[in-house]
Every structure is written in structure tokens, then in C-alpha cells.
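Each chain is listed here by its residues.
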Amino acid sequence: MRVILRRYLPWLLVLAVAAAVVLFVQRPKAVPVDIVVAKTEDVQTSVVASGRVLASARVDVGATITGRVERVAVREGARVVAGDLLVRLEKQELSAAAGQALAARNRARARVASVATLALPTARAALAQAEANLAVAEQEWRRAQDLVAKGFISKSRLDETERQLKVARGQLDSARAQVSAQGTAGAEAQQAHSQLAEAQAAFELAQAHLAQTEIRAPGPGVVLERVIEPGDIAQPGRRMMTLALDGPARLIVQVDEKNLPLLGQGRVAIAAADAFPNQRFEALIAYVSPGVDAARGTVELRLDVPRPPDFLKSDMTVSIDVAGPLLKQALFLPAEAIRQLQSDAPYVLLERSGQALKAAIGLGLQTQGRVQIIHGITAGDRVILSRDVEAGARVRERR
């Protein structure tokens, strides 16, 4: 047996070397990758987000009646104050209607005056006359009764005086009804006053319609857009121009929900308009939305600008930077090193002994392009930045 081994040992060694060479040649080459070494450091956190300037009040101006535009008094960019004329509509027809309503009101007033100064005194005079007539008729009736009893006149004469008494009483009742009707609480007076009230309401309505031919500024501000010209037909619900009313400047931004721990009402932010990046100004967080946009995973912030710069305009794009707490010896990685960053299962690839290994991680704050790592890796781990490799691949650091 030993003789056989001695005889074939050289050939076995040759075959082993040949197999090793074949395996080395067929082994995949290591992929060059960029690597960052995880390390802990003190990090000043902040939240950076983009948004826009929100006008304090954006008002669409329109007409409340239908009419032809006679004049447009302002152009885009014009400053206006409360009460300034913006648009005037043609008003000839409404002026005539207001004149008719005024005449009807005057007639109703005259009727009320007539009831008070003429009809009522006449009714009272008629009442006095009816009372006097009744007194005379009663005396004649009583006298006729005495004469009949004594036999000086016939019974028919007594019947005649009784009929006259009934007529006098009926006239008195009628006179009293007329006085009651013409009095302050009477039907005639109430009808006259009711007609006056209707005429007054019709006159005020006509005046209101006439006033609606002049559309005026609701407050101080700037004309952003004008979409109507003289000769156009104005209609209710149709926008004629848009105003940005003066008021406190506000910013509206959307920030990632993961940054909520760094945000709160009253926090100070430094803002800058994209058009003027070197002219920064202060803003205060005034509102943090209680809800989260599920589709984008963002939260809406609104910020007040106590001292807005002159260049700040409505809808201008701005960036804000809200300073957060100083994190002591926190482990942060560049955002590009983390795979599936926005998913529920983020991970990184580690380089160990020339091989890419997958490591699941937990995320913390995200700030300025870096992400805090809560667990999954430790300081000193070599994290692969390159995205063209997968777990299990042979890798080497790019030189």
C-alpha cells in the first residue's frame, strides 16, 4: 500500500494543484465599492424643508348682480385700501327702479299722513254728531212715551220715534267704528303703515341693488390678478379679480413625519426665499397639523414671519431650517447608505472579510441628509455605499 502511495503521490499533488488553480480562476472577482465607517459623534440636529409663502387672505372679487362692466378702476399689482372702487357696472335700469321705489314710498307716507291728519279728525267729528243725534232721538222717544200715556198722541207716533232712536244708535256705532279704524291701532291706520313699510323695504332693496353696481375693495391689499374688462358681462359666481389682503406673512411647509420630535409651536426657524438665498429671516412655528398625510408621510407646518422682508411675495418658494437638540455620541449614516429607507424594513450592507452582508437596522431622526441609526450596527462597522452590489457578493474597497 505504501509503495502504491509513493508511486501515485506526485500525480495526486499535481491534480490538487490543478484543482486549486481552476477554482481560483473561476472564483468571481471582488466588486470595488465605496465604504463609510460608522462612528459616533455629537450631532446638532435640524429639520430642513421647503414650502411657500401663504397670503394672509386671498380674496376672489365678484359681482352679486348681473350687469355690463362700465369701468375697471385697477390693474394687476395696484395697491388698494378699504372702500377703493374696483369695478363699476352700468346702472341706468337700476337707477330708474330706485326712482320708482322712492315715489311709491312717498305715496305711502302721504297716505299715512292723510289718515292721521284728515280721516281721523273727520271720523271723530262724525262720532260727535252721532252722539248728539242719539241724545236728541232718546229725548224725543221718552217725550213720545209720556204723551202716549196721557193720550195726547197716537201709538204710531211713538213707533216713529222708536225707529229714529234705533237709526241714531246705528249711526253712533258706525261712527265709533270709523274712529277705531282711523286710530293708531285701527285697520285703516295699520294698512297705511303696512303699505309704507312695504314701500320702504322696496326702496331699500332698490338702493341695495344700485349700490351693488360698484364693487369696492374689502380691505387694504394688492391686486394679484384681473380677469375682466369693460364691456364684459359680470355675473354672480364669476371671478373678476383676486386680491391679496394685507396681514401677517405666513409660511406653509410639509416636513417628514419622522421629524415631529423636533417640532412644536413657538419653535424658531430660519427661513430663506429661493430667489434670495442669502437674505435669511426669522419665522416662528404657529401651527403643527394634528394629522399626517398618509400618501406622502408628511406633516403640515405653518409659520408666522414677525418681520417679513420687503421682497417676500405671495406663493414664493422658501426653505426653512429648524434647529433641534444636540445629540451626544449618536450614530449617523449618510441617507444614501440605507436601502429601503422609506419602508418598514430598512437595511444596510456591511463589508466583512471581503463579503457584503445584509444587516437590518432601526432608524431615528433624519436631518440634513443623514439618518440616525438606533440599532443594527455599531461604531466601527464598514457600511457599503455603492448601490450596484447585493448581499453575498465579494467586495473590496475602492481605492
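In this text, all values refer to a predicted model and were calculated from it rather than measured experimentally.

Asker: Help me understand the nonpolar core in this model?
Answerer: In a soluble, globular protein the nonpolar side chains are often hidden away together inside. By size, the foremost hydrophobic cluster in this structure holds 30 residues, and its most contacted members are Leu251, Val255, Leu303, Leu312 and Ile320. If one sorts the elements of this core by residue count, strand E16 (residues 317-334) sits on top with six residues. Dropping the residues within four chain positions of it, isoleucine 320 is found in contact with Val47, Val48, Ala49, Leu251, Val253, Ala269, Ile270, Ala271 and Leu303. Judged by nonpolar contacts, the second largest core, of 19 residues, contains Val61, Val69, Leu86 and Ala217.

Asker: Honestly, the packing of aromatic side chains in this entry has me stumped. Any pointers?
Answerer: Here a ring pair, both rings aromatic, is described through the centre-centre distance and the interplanar angle of the planes. Across all of its chains, the model carries two aromatic pairs by this definition. Ring plane angle 65° and centroid distance 6.5 Å describe the contact between phenylalanine 281 and phenylalanine 311, whose orientation is recorded as edge-to-face. Residue phenylalanine 281 is located in strand E14 (residues 276-288), and its partner phenylalanine 311 is located in the loop between strand E15 (298-305) and E16; the two are separated by 30 residues in the primary sequence. Comparing phenylalanine 281 with phenylalanine 311 shows no difference in burial state: the two are buried. The structure contains a cluster of three or more aromatic residues connected by ring pairs, namely Phe276, Phe281 and Phe311. Just above the ring of phenylalanine 203 sits the side chain of arginine 105; from NZ or CZ to the centre is 4.5 Å. The lysine or arginine in question, lysine 358, covers the ring of tyrosine 347, its NZ or CZ lying 4.4 Å from the ring centre.

Asker: Can you walk me through the pairing of strand E11 (residues 239-245) in this structure?
Answerer: Among the seven residues that make up E11, six are buried, leaving the element largely enclosed by the rest of the structure. By the bridge criterion, six bridges tie strand E4 (residues 57-62) to E11 in an arrangement that is antiparallel. Paired with glycine 62 across the strands is arginine 239, a residue of E11. Strand direction decides the pairing type here: strand E9 (residues 221-226) and E11, joined by five bridges, are antiparallel. In the sheet register, arginine 226 faces E11, and the bridge partner there is methionine 241.

The rules behind each value
Residues numbered from 1 in each chain as written. Predicted model: local features only at pLDDT ≥ 70, side-chain atom pairs only at ≥ 80, totals over all residues. Heavy atoms only, no water. Core = buried A, V, L, I, M, F, W, Y, C linked by side-chain atoms within 4.5 Å. Buried < 20%, exposed > 50% of the residue type's maximum accessible area, 1.4 Å probe, protein only. Helix = DSSP H or I, 4+ residues; strand = E, 2+ residues; numbered from the N terminus. Contact = heavy atoms within 4.5 Å. Phe/Tyr/Trp six-rings, centres within 6.5 Å; stacked < 30°, edge-to-face > 60°. Lys NZ or Arg CZ within 6 Å of the ring centre and 35° of its normal. Pairing = 2+ DSSP bridges.

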